[in-house]
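Each chain, written out:
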Amino acid sequence: MPETLFDVRKIGGRIGAEVVGVDLRDLSDTVFAEIHAALLEHKALAFRGQDLTDADQIAFASRFGPLTGAHPTVPSVDGHAEVLPVDSESGRANRWHTDVTFVRTPPKISTLRSLVVTPYGGDTLIADTAGAYRDLPDELRAFADRLWAVHTNAYDYVRPRTDGVDPEKAAEHRRKFVSSVWKTAHPVVRVHPETGQPNLFIGGFAQSIVGLPSHDGRTILDLLQAYVTRPENVFRWHWAPGDVIVFDNRTTQHYAADDYGDLPRLLHRVTVAGDVPAGVDGAASYLIEGDDAAHYTPAG
């Protein structure tokens, strides 16, 4: 029997594609392999109108490998330990970040599914950190290759607001988020373990540069971050009910646009366990504070 025909339609010149003509609940091994290859190429894939359940999302994400828990500190949805509710009532992740980089083995892939969407605003933006690295001038690229950044969850990227945010829920979310603290040193330039592409592995949890005063480190991180979020490197998705996005957490950052007032917005996130990042010289990330997060991710 012939495989289902489907299209991968580029949305941005550097990052992002929409996959049309597949049902994520019913993928043959051949079709899944093509989707996996498309993810490595485009870094972010979007699927309209999938209408998955939590169990369906878990099953799809697990095709990419073993799953993490929902989060190292934030509780999962009831009945599904792998599913994190991304709820506007608790806070809004309107800062650029890569998921859970404060542990030694951050997730390799993240999946997001829309449950409650806004009629306007609330887009998810995803940035190509490999494209940003290629954009660096040669001298700055060589400098970045030698740097290490300290990532920590003690810096909370979820910024509570008054519009649509329950103050008590936001405060409780903050308490849970930092109930255990991790600090991990990652190479500022990470080499992707499958494609071999180097990329700027920084984002909101990267708070300082190893060996530099805090002000100098912050200035350098801000300079490099400006390359990540150049418009050429950013893919933007406007959610409709039942949509799914998959992005490669090893070579992207993302941002939830907070431009929808007090309207409700709810996504569910499931992440795939990753490995220990390595820099251009092969040196691996190392813990500064905290444990190996074995309760959260099976990777070692």
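In the annotation of an unreviewed UniProt entry, the entry for the protein reads Putative MT3514-like dioxygenase, and the organism field reads Actinomadura rubteroloni. Its UniProt record gives the protein a comment under Cofactor (unreviewed entry), which states: "Fe(2+)".

**Q** If you had to explain the pairing of strand 6 (residues 124–128) to someone new, which residues and values would you point to?
**A** A large share of strand 6 lies buried, amounting to five of its five residues. Burial along strand 6 is two-sided: T124, I126 and D128 facing one way and L125 and A127 facing the other are all buried. As defined by bridge partners, strand 6 adjoins strand 12 (residues 234–237) across four bridges and the pair is classed as antiparallel. Paired with L125 across the bridge in strand 12 is R236. For strand 6 and strand 14 (residues 252–256), the ladder comprises five bridges, and the chain directions are antiparallel. The partner of D128 across the bridge, within strand 14, is T252.

**Q** Tell me what's going on with helix 1 (residues 29–42), and back it up with residues and numbers.
**A** Taking 1.5 Å of rise per residue, the 14 residues of helix 1 would be expected to cover 20 Å, and the 20 Å separating its terminal C-alpha atoms lies within 8% of that figure. By the burial criterion, the buried members of helix 1 are V31, F32, I35, A38, L39 and H42. Seen from one end, helix 1 has its buried residues packed into an arc of 115°, which puts them on one side. Across helix 1 from its buried face, at more than 90 degrees, point the exposed residues D29 and E41. Structurally, helix 1 contributes buried residues whose contacts are with strand 1 (7–10), strand 2 (17–20), strand 3 (44–47), helix 2 (54–61), strand 5 (109–116) and strand 13 (244–248). The first or second residue beyond helix 1 is K43, which carries a positive phi of 75°.

**Q** Account for the nonpolar core, naming residues and giving values.
**A** In a soluble, globular protein the nonpolar side chains are often hidden away together inside. By size, the foremost hydrophobic cluster in this structure holds 26 residues, and its most contacted members are V22, L24, L27, L45, F47, F64 and V246. Those elements that provide at least two residues to this core are strand 2, helix 1, strand 3, helix 2, strand 13 and strand 15 (266–272). For this core, the leading source of residues is helix 1, giving five residues. In this structure F47 touches V19, V22, L24, I35, G242, D243, V244 and V246, once residues within four positions along its chain are discounted.

**Q** For the side chain of R265, give the residues involved together with the corresponding values.
**A** Assignment of secondary structure puts R265 in the loop between strand 14 and strand 15. It turns out R265 is buried and unbridged, and the closest side chain with the opposite charge, D123, is 7.3 Å from it. At 3.2 Å, the side chain of R265 and the side chain of T124 are in polar contact. In this structure, R265 is in contact with V86, D87, S88, V116, T118, G122, D123, T124, W239, A256 and Y260, ignoring residues within four places of it in sequence.

**Q** Pulling in residues and values, what's your account of the pattern of salt bridges?
**A** One pass over the structure, following the stated rule, counts 17 salt bridges. In this structure, R250 engages E194 in a salt bridge whose closest nitrogen and oxygen atoms are separated by 2.9 Å. Of this pair, R250 sits in the loop between strand 13 and strand 14 while E194 sits in the loop between strand 9 (189–191) and strand 10 (198–200), and the two are 56 residues apart along the sequence. Owing to a relative accessible area of 40%, E194 belongs among the partly exposed residues under this scheme.

**Q** Help me get a handle on the sheet that holds strand 4 (residues 84–87), residues and values and all.
**A** The sheet built from seven strands is open, its strands ordered 1-2-3-13-5-15-4 with mixed pairing. The open sheet is flanked by strand 1 and strand 4, the only strands paired with a single partner. Between one strand axis and the next, the sheet turns by 25° as a mean value, whatever way the strands run. Pairing geometry for strand 1 and strand 2, over four bridges, is antiparallel. Looking at strand 2, one finds that V8 is bridged to V19. Of the strands in this sheet, strand 1, strand 2, strand 3, strand 5 and strand 13 touch helix 1, which is tilted by about 125° from strand 3. Helix 2 contacts strand 5, strand 13 and strand 15 of the sheet and is inclined by roughly 30° relative to strand 15.

Rules and cut-offs
For every chain, the first residue of the written sequence is number 1, and numbering continues from 1 onward in sequence order. A pLDDT threshold of at least 70 governs which residues receive local features in this predicted model, and a stricter bar of 80 or more applies before side-chain atom pairs are shown or counted, although totals over entire chains, interfaces and linings include all residues. As a rule here, side-chain values come from all non-hydrogen atoms in the structure, and water together with hydrogens is ignored. UniProt positions are given in the numbering used here, feature names are shortened, and annotations may be inferred rather than shown by experiment. The buried label applies to any residue whose accessible area, calculated with a 1.4 Å probe on protein chains only, is under 20% of its type's maximum; exposed applies above 50%, and partly exposed to all values in between. Only DSSP runs of H or I with at least four residues qualify as helices, and only runs of E with at least two residues qualify as strands; both kinds are numbered from the N terminus onward. Strands qualify as paired when DSSP identifies two bridges or more between them. Expected span of a helix, by definition, is 1.5 Å for each gap between consecutive residues, and there is one gap fewer than residues. What the arc covers is the set of directions going from the helix axis to the C-beta atoms. Here a residue-residue contact requires only that any non-hydrogen atoms of the pair lie within 4.5 Å. Among buried residues, those of type Ala, Val, Leu, Ile, Met, Phe, Trp, Tyr and Cys that are joined through side-chain atoms within 4.5 Å constitute a nonpolar core. For the charge count, each Lys or Arg is scored as positive and each Asp or Glu as negative, with His and the chain ends excluded. Salt bridges, as used here, are contacts in which a Lys or Arg side-chain nitrogen is within 4 Å of a carboxyl oxygen on Asp or Glu. Nitrogen and oxygen atoms within 3.5 Å of one another constitute a polar contact, given that in protein one can donate a hydrogen and the other can accept it, and given that sequence-neighbouring residues count only through two side-chain atoms. Helix axes use the C-alpha atoms of the stretch in contact, all axes being lines fitted to C-alpha atoms, and the angles between their N-to-C directions lie in the range 0 to 180 degrees.

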